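Here is how the chains run, residue by residue.
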Amino acid sequence: MTSWREQLAFAPLETGERGEEIGRRIRHAIELGVLEDGTQLPSETDLAAMMRVSTQTLRTALAELRHLGLVETRRGRGGGSFVKANTGELARVRRETLAAYTLDDLRDIREYRAVLAGSAAAAAAARPQQISVARLASLGAMVESAPEPAGMARADSRFHLELAAASRSVRLTRQEMALHAEVGPLIWTSAAGNGRRAAEEHAAIVEAIRLGQPAEARVRAEEHVRHEMNALIDLRMSMDGSAPMAARQRRGGSAESEAVAGIESLAVEIEKRAVAAIRAVDEAVLTALDAAPDRGLAALEAVYGVTLGSLSAARPVLYGVGFLADTAYFGDTGIVWSYVPVGRPSPERLEMDLQYYDYTSSPWWPKDEKGSVQASYSYVDALGSNAYLVTFSKRVVKDGRSVGVAAADVLVSRIQEQFAPFLETLPAGSCIVDQMDVVIAANSGSLVGDIFSPDGGVARSVALPAVPWRLHVAAAE
């Protein structure tokens, strides 16, 4: 029978870049302690068959792991590929792995993990007599006695996998295993002082399960996961030099005033770039329709050049620029849009199927009939780019009729990056929120992507010029 360790580390691949995914999967298993130092991997033939990839693809992945110093291959009798879990090398690899994640990635993982852990805990609490509460409690306590971060990662992972298994959902357990293989080791990259708190939070989850309190178990599990992930987000922010502020030296009142002034100026600049791009698209659409009034949507082909040029001029502030047709005017849906794909140097045209996209119900569809520019609240563009965005938009009006909407997207991750140098001089817990009080930039991981609550104390709030955002300056400790 295949062990759970082999199921986790060597499960068949389903989609994606297979060479990269094999290396990532095995590396995560080594980092997590699922594959311990000195473990011999299956033969290349057997391992390729287990993961359902070609032998050549597997060899490419193993070569990368050898390059990272995580696997060594011994020749001759008794040879093969062996795990080489060098602690120093693992720490370096973990930090490199963490650096590849954006704050949006980590925020998304945080919420997904919280949902999974909360659901598992609630399910376990609904039937405590059917699980070994004592075993769960024992596993939960191990994280405190582990002597080093690698041991803490293994102990924490074992507790969460046991908790997931207690839900009696195979699919939920698989998802939990996959998530811990991905981020479990990263959580313990900087583990000072976290073992005791994790053990206490584990104990609170187990106690709610023992008492048969599903709602309490869910809340405790979700809070625990968010604590872990918030610490990881803080670490990721510190790698960019933007947080956490608690570890930074406080600066004087003049520096704070300069930071607020810088934030206000940047807000004006973001709005200015968006409005300039929107005005250019607006003018191009009207010009195209005047030149070819009978061609309908086909007349807008020339607008693509304007969207590309406007986006190039506004980089790196803007993510996308374009026009969306009003069906009441054209009789059909249509889009002329350019954006900057992640990792690409230049903007590109967006090709999109609008069959199931009712953009008139989107957060950015203008309510103002007069044609002024408005800014949406932050949202996930689930039917378009799948990005976390704020969209500036205005109606394009011709002869008193709505032709469509000219718009410009700003990535929330870019808002965070741009405001971070100013936020880092403010007290911990300072943040910028949109008109729905959703945090779009902060100097603390616990606030990223959250709804703002003034529980920690607010020294002052500032309405930012040109945009419907507010800066909350936290009270100094």
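What counts and how
- Along each chain, the written sequence defines residue order, and numbers are assigned to residues from 1.
- Predicted model: local features are reported for residues with pLDDT of at least 70 only, side-chain atom pairs are reported and counted for 80 or more only, and whole-chain, interface and lining totals are derived from all residues.
- Computation of side-chain values covers all heavy atoms of the structure but excludes hydrogens and water.
- Labels follow the DSSP assignment, with helices taken as runs of H or I lasting at least four residues and strands as runs of E lasting at least two, numbered in each case from the N terminus.
- Aromatic rings from Phe, Tyr and Trp, taking only the six-membered ring of Trp, are treated as a pair when their centres fall within 6.5 Å; an angle between ring planes under 30 degrees marks them as stacked, one over 60 as edge-to-face, and anything in between as tilted.
- Residue burial is assigned from relative accessible area. The probe radius is 1.4 Å, only protein chains are included, and a residue is buried under 20% of its type maximum, exposed over 50%, and partly exposed in between.
- A positively charged side chain is recorded as over a ring if its NZ (Lys) or CZ (Arg) lies within 6 Å of the ring centre. The angle to the ring normal must also be within 35 degrees.
- Each residue carries a pLDDT value, the predictor's own confidence for that position, ranging from 0 to 100.
- In what follows, residue pairs with any heavy atoms lying within 4.5 Å of each other are defined as contacts.
- Any two strands with at least two DSSP bridges between them are considered paired.
- Note on method: axes are straight lines fitted to C-alpha atoms, helices fitted across the in-contact stretch only, with angles between N-to-C directions ranging 0 to 180 degrees.
- Here, the term nonpolar core denotes a set of buried Ala, Val, Leu, Ile, Met, Phe, Trp, Tyr and Cys residues that are joined through side-chain atoms within 4.5 Å.
- Cavity means a closed set of points on a 1 Å grid over the protein atoms alone, one where a 1.4 Å probe fits but cannot get out, pocket means an open set with protein on both sides within 12 Å along at least 5 of 7 lines, and lining means a residue has an atom within 4 Å of a point.
- Grid points are joined across faces, edges and corners, and a volume is the space filled by probe spheres set on the points.
- Three classes are used: nonpolar for Ala, Val, Leu, Ile, Met, Phe, Trp, Tyr, Cys and Pro, charged for Asp, Glu, Lys and Arg, and polar for all others, with Gly counted as polar.
- To estimate how far a helix should extend, the number of its residues minus one is multiplied by 1.5 Å.

In the annotation of an unreviewed UniProt entry, the entry for the protein reads HTH gntR-type domain-containing protein, and the organism field reads Sinomonas flava.

## A few points about the environment of Val275
Note that Val275 resides in helix 12 (residues 253-291). The spatial distance from the C-alpha of Val275 to the C-alpha of Ala406 is 9.7 Å, given a sequence separation of 131 residues.

## Concerning the packing of aromatic side chains
Evaluation of the coordinates by the stated rule reveals six aromatic pairs. Measuring from ring centre to ring centre gives 6.0 Å for Tyr319 and Tyr339, while their planes differ by 80°; the resulting arrangement is edge-to-face. Of the two residues, Tyr319 is situated in the loop between helix 13 (303-314) and strand 3 (320-325) and Tyr339 in strand 4 (residues 335-339); the sequence distance between them amounts to 20 residues. With respect to burial, Tyr319 and Tyr339 carry one shared label: buried. Ring geometry for Phe419 against Trp469: centres 6.4 Å apart, planes inclined by 80°, an arrangement best described as edge-to-face. Here the residue Phe419 occupies a position in helix 15 (residues 412-423), and Trp469 occupies one in the loop between strand 12 (458-463) and strand 13 (470-474), the gap between them amounting to 50 residues. For Trp469, a relative accessible area of 1% puts it in the buried group. In this structure, Arg74 packs its charged tip against the face of Phe82, placed 3.9 Å from the ring centre. Between Arg107 and the ring centre of Tyr388, over which it is positioned, the NZ or CZ distance is 4.3 Å.

## Structural notes on the confidence of the model for the protein
If pLDDT is low for a region, its predicted coordinates should not be looked at in detail. Residues with a pLDDT of 70 or more make up 89% of the protein, whose mean pLDDT is 85. For the protein, per-element mean pLDDT is lowest for helix 1 (residues 4-9), which scores 56, and highest for strand 10 (residues 431-433), which scores 96. Confidence over residues 243-251 falls short of pLDDT 50; this stretch has 24 contacts with residues more than four positions distant or in other chains.

## Some details on helix 15
Helical geometry: 3.6 residues make up each α-helical turn, so side chains three or four residues apart lie on a common side. Burial runs high along helix 15: nine of the twelve residues are buried. Every buried residue belonging to helix 15 is among Val412, Ser413, Arg414, Ile415, Gln416, Gln418, Phe419, Ala420 and Leu423, and all of these are buried.

## Some words on the pairing of strand 13
Judged by how many residues are buried, strand 13 sits mostly within the fold: four of five residues are covered. Sheet topology note: the strand 10/strand 13 ladder contains three bridges and is antiparallel. Bridging from a neighbouring strand, Cys431 pairs with His472 of strand 13. Sheet analysis places strand 12 next to strand 13, joined by five bridges and oriented antiparallel. Of the residues in strand 13, the one forming a bridge with Ser461 is His472. Linking strand 12 to strand 13, which pair antiparallel, is a turn of six residues; within it Ala466 sits at a positive phi near 75°.

## Observations regarding the sheet that holds strand 10
Within a beta sheet, neighbouring strands are joined by backbone hydrogen bonds and run either parallel or antiparallel to one another. Pairing in this open sheet of four strands is antiparallel, and the strands run 11-10-13-12 from one edge to the other. The open sheet has two free edges, formed respectively by strand 11 (439-442) and strand 12, since each of these has just one partner strand. On average, adjacent strands in this sheet sit at an angle of 20° to one another, irrespective of strand direction. Its contacts with the sheet place helix 15 against strand 10, strand 11 and strand 13, and it is angled at close to 35° to strand 11.

## Here we look at the nonpolar core
For soluble globular proteins, nonpolar side chains are generally found buried alongside one another. With 67 residues, the main nonpolar core has Leu318, Phe392, Phe419, Ile432, Trp469 and Leu471 as its most contacted residues. Considering every element that reaches this core, the biggest residue donor is helix 12, with 14 residues. With residues up to four places along the chain from it excluded, the contact list for Phe419 reads Ile263, Leu266, Ala267, Ile270, Ile432, Ala441 and Trp469. Core analysis: the second largest hydrophobic core is formed by 45 residues, Ile109, Ala117, Val183 and Ile233 among them.

## Some thoughts on the layout of surface pockets
Volume-wise, the second largest pocket comes out at about 590 Å³. Lining the second largest pocket we find 24 residues, and of these Thr102, Tyr319, Val342, Leu411 and Ser413 sit closest to its centre. For the lining of the second largest pocket, the secondary-structure elements that each account for two or more residues are helix 6 (103-125) and helix 15. In terms of residue class, the lining of the second largest pocket is made up of eleven nonpolar, five polar and eight charged.

## Looking at the environment of Asp37
Within the secondary structure layout, Asp37 lies in the loop between helix 2 (18-32) and helix 3 (44-51). Residue classification places Asp37 among the exposed positions, given a relative accessible area of 55%. Residues Asp37 and Val83, 46 residues apart in the sequence, show an inter-C-alpha distance of 5.2 Å.

## Focus: unusual backbone geometry
For the peptide bond that leads from Arg315 to Pro316, omega is 5°, which places it in the cis range. As for its placement among the helices and strands, Pro316 is situated in the loop between helix 13 and strand 3. A positive phi angle, near 65°, is found at Asp437, a position not held by glycine. Counting through the fold element by element, Asp437 comes out in the loop between strand 10 and strand 11.

## What about helix 10 (residues 194-210)?
Taking 1.5 Å of rise per residue, the 17 residues of helix 10 would be expected to cover 24 Å, and the 24 Å separating its terminal C-alpha atoms lies within 8% of that figure. Buried within helix 10 are the following residues: Gly195, Ala198, Ala199, Glu201, His202, Ile205, Val206, Ala208 and Ile209. At its buried positions, helix 10 is contacted by helix 6, helix 7 (133-145), helix 8 (149-165) and helix 11 (214-239). Positive backbone phi, at 70°, marks Gly212, one or two positions downstream of helix 10.

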